[in-house]
Amino acid sequence: MDHTASIFIELGGVLFCLGVIGHVASRVGISPIPFYLVAGLAFGKGGLLPLVASEEFIKTGAEIGVVLLLLTLGLEYTADELVHGLRKQAPAGAIDLLLNAAPGVAAAFLLGWGGTAAVVMGGITAISSSGIIAKVLGDLGRLGNRETPVVLSVLVIEDLAMAVYLPIVTALLAHQTIARGSITLAIALGALAVVLFVALRHSPKVTRLVFNPNAERNDEIILLRALGLALLVAGVAQRLQVSAAVGAFLVGIALSGPVAEGAREVLTPLRDLFAAVFFVFFGLHTDPAEIPPVLAVASALAVTGVATKVATGWWAARRAGVATLGRFRAGAALVARGEFSIVIAGLAVSAGVSPRLGPLAASYVLLMAVLGPLAARFVEPVTRAGLRRMNRKPATAASGGPLPGI
Amino acid sequence: MDIEETALPGIGLRHEFNTRGGRRVGVVSRHKGRRDLVIYDAGDPDSVAESLTLNAEESDALSELLGAPHIVEKLADLSKVFAGLVGEQIRISPDSPYAGGLLGDTQARTRTGASIVAVVRDHEVLASPRPDFRFEPDDVVVVVGTPDNTAAVAELFRTG
């Protein structure tokens, strides 16, 4: 009984604190993710309040959080959107991944962490936070803008790339080298192809497993079956070393129509709860004392991370025929990193790659999750001012393009 | 008029078009029936100058306000679809015996064979009015039937 009491007190305290912090975050208009990470740092290892009794629960909750994050991500997209986005913005996606993985890979090699850590760091710096970005674009009223479909298509490609990347990382982390892990990797990618094929071709059948799309909606059944199916597939995927997260992502993609919409509605509150637990868990396992030594590297990565994303967005928007201001808006919108960088870092930390990788990833995401929305907000006035200055000096530059206010 | 449709993966769909006055308007359809009405910057076609978020109920109300005249026009076009049937709009004059009276009291369908399918009041379409519907002066009654039948309804509203 005493044990149960301490679990309740610890969990209740943590969740209530997160609620208060989340409220502050939404007041300030910043994503709660960095706040949750800080809360995790404050609680756990080396922090102010060590959590003992609830640790096991939080660990499992964090794993479920990853599954739910990827499941709801998959539910956002239909298979058609994925294929369409890939076809339309493939070059932009390739540029995005190359440009933005490079700083992470370079940092890992410069720090002497080796190949596996380099692959992990590349993933951490490459992938934007679609959650933060979609929220920011909606809040700033930019959904109608010409560059927005470009931004969203780049995110789609990143998410698809993640479906291939996560099994590779999982195999690498299990075997440490590609050569030794190649059989596992082959099985993993084979399984991925099969599941993706089933998801694309037999989406109605998979959907029917969760709920009959023609019957009257029953939220309770949808909740239980969608979550159950996602956890089952995630578990099997994990067994095959494909990574649980990818299994859940594919289940999300395979579900379609009103059932997917229903599942998204009932799972979102659950996702918010367990994702918060996941961010806290990551923070818990990072010793705050280890942050200052990596802060310089994290800041350098943040600066290059802003620059490479702005360049990506600028290039992709230019390809779509968007004018200068919109190109910079697209770039700034892509800056935010968040949940998926932590998901990747979490895999590496639990496999025990480099002891400094966790703190570095945590501080990087802390910086980028705050910088991203700020960049998106202030890119317009900054770009406008820059354009005005450029136009004032050489008179010839004024004919550059359709500038705002003309 | 060209309506351009753009997929916003993970968010929904966007439809936009140019007005005759040269402005660009769009509607972003999001999940759960949420809509954003967006008006583009007059000088910069890439950016939205004004964005208004509407919930399902509000966007329904707005579309009803904007769409009412069109619905009536479409009802009037019914004659082209069903040969022999016409849609007629009849205004209830203040001196009509049924101004202020109940729809049920007209016994329009029994007496004429034509059906009252809608009433337009203050640009609002009240579809499928029930027998306890009370007419007001200047209501426009939309009647569907053969030309003879609808003419009989017009006569009925005029003279009782």
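Chain B goes by Potassium transporter TrkA in an unreviewed UniProt entry, where it is assigned to Pseudofrankia asymbiotica.

Chain A is annotated in an unreviewed UniProt entry as Cation/H(+) antiporter of Pseudofrankia asymbiotica. Per its UniProt entry, chain A bears the Subcellular location (unreviewed entry) comment "Membrane". Quoted verbatim from the Sequence similarities (unreviewed entry) field of UniProt, the annotation for chain A is "Belongs to the monovalent cation:proton antiporter 2 (CPA2) transporter (TC 2.A.37) family."

Chemist: Quick question: what am I supposed to make of the overall build of chain B here?
Modeler: Across its full length, chain B carries five helices and nine strands. Overall, chain B shows an N-to-C arrangement of helices and strands of β-β-β-β-β-α-α-β-α-α-β-β-β-α. The C-alpha radius of gyration computed for chain B amounts to 21 Å, which surpasses the reference 15 Å derived for 160 residues by more than 25%, pointing to a less compact arrangement than a globule. In terms of its C-alpha atoms, chain B occupies a principal-axis envelope of roughly 60 × 30 × 30 Å. Burial statistics for chain B: of 160 residues in total, 26% are counted as buried. Summarising the internal contacts of chain B: among those between residues at least 6 apart in sequence, 48% fall at separations of at least 24.

Chemist: Could you clarify how one ought to interpret the overall build of chain A in this entry?
Modeler: Scanning chain A from N- to C-terminus turns up 16 helices and zero strands. Taken over C-alpha atoms, the radius of gyration comes to 22 Å for chain A, in line with the 22 Å a tight globule of 406 residues would show. Taking the principal axes of its C-alpha atoms as reference, chain A extends roughly 75 × 55 × 50 Å. Within the span of chain A, comprising 406 residues, buried residues form 51% of the whole. Once local pairs closer than 6 in sequence are excluded, the contacts in chain A between residues at least 24 apart make up 77%.

Chemist: I keep staring at the interface of chain A and chain B and nothing clicks. Help me out?
Modeler: When the parts of a complex come together, some accessible area is lost, and that lost area is often taken as the interface size. Listed per partner, the contact involves 28 residues of chain A and 21 residues of chain B. For the side of chain A that touches chain B, the elements supplying multiple residues, two or more each, are α4 (79-110), α6 (130-139), α7 (148-175) and α14 (324-333) of chain A. When residues in the side of chain A that touches chain B are grouped by element, the largest group, five residues, is from α7(A). Across the side of chain A that touches chain B, the residue classes tally to twelve nonpolar, ten polar and six charged.

Chemist: Mind showing me how you'd approach the sheet that holds strand β6 (residues 86-91) of chain B here?
Modeler: In a beta sheet, neighbouring strands pair by backbone hydrogen bonds and run either parallel or antiparallel. All names here are of chain B. Here we have four strands laid out as an open sheet, ordered β6-β9-β7-β8, and antiparallel in their pairing. At either end of the open sheet lies a strand with only one pairing partner, and these are β6 and β8 (124-127). Averaged over all neighbouring strand pairs, the angle between strand axes comes to 25 degrees, with direction disregarded. In the sheet, strand β7 (residues 115-121) pairs with strand β9 (residues 140-145) via five bridges, with the strands oriented antiparallel. Counted as the bridge partner of S115 is V144 from β9. Set on the sheet, helix α5 (residues 147-159) makes contact with β6 and β9; between it and β6 the angle comes to about 10 degrees.

Chemist: Looking at this structure, how should I read the packing of helix α15 (residues 339-350) of chain A against helix α16 (residues 357-392) of chain A?
Modeler: How two helices pack is summed up by the angle between their axes together with the distance between the axes. Residue and element names in this part refer to chain A. At a minimum axis distance of 9 Å, the contact between α15 and α16 shows a crossing angle of 170 degrees. When the axis of α15 is compared with that of α16, the two are roughly antiparallel. In this structure, α15 uses S341, I342, A345, A348 and V349 to contact α16, whose residues at the interface are L357, G358, A361, Y364 and V365. Split by residue class, the contact of α15 with α16 holds eight nonpolar, two polar and no charged.

Conventions adopted
- Residues numbered from 1 in each chain as written.
- Chains lettered and ligands numbered in written order.
- Predicted model: local features only at pLDDT ≥ 70, side-chain atom pairs only at ≥ 80, totals over all residues.
- UniProt positions renumbered as here; feature names shortened; annotations may be inferred.
- Helix = DSSP H or I, 4+ residues; strand = E, 2+ residues; numbered from the N terminus.
- Rg over C-alpha atoms; globule rule 2.2 N^0.38 Å.
- Buried ≥ 20, exposed ≤ 12 C-beta atoms within 10 Å, placed from the backbone.
- Contact = placed C-beta atoms within 7 Å.
- Nonpolar A, V, L, I, M, F, W, Y, C, P; charged D, E, K, R; others polar.
- Pairing = 2+ DSSP bridges.
- Axes fitted to C-alpha atoms, helices over the stretch in contact; angles between N-to-C directions.
- Parallel < 35°, antiparallel > 145°, perpendicular 65-115°, else oblique.

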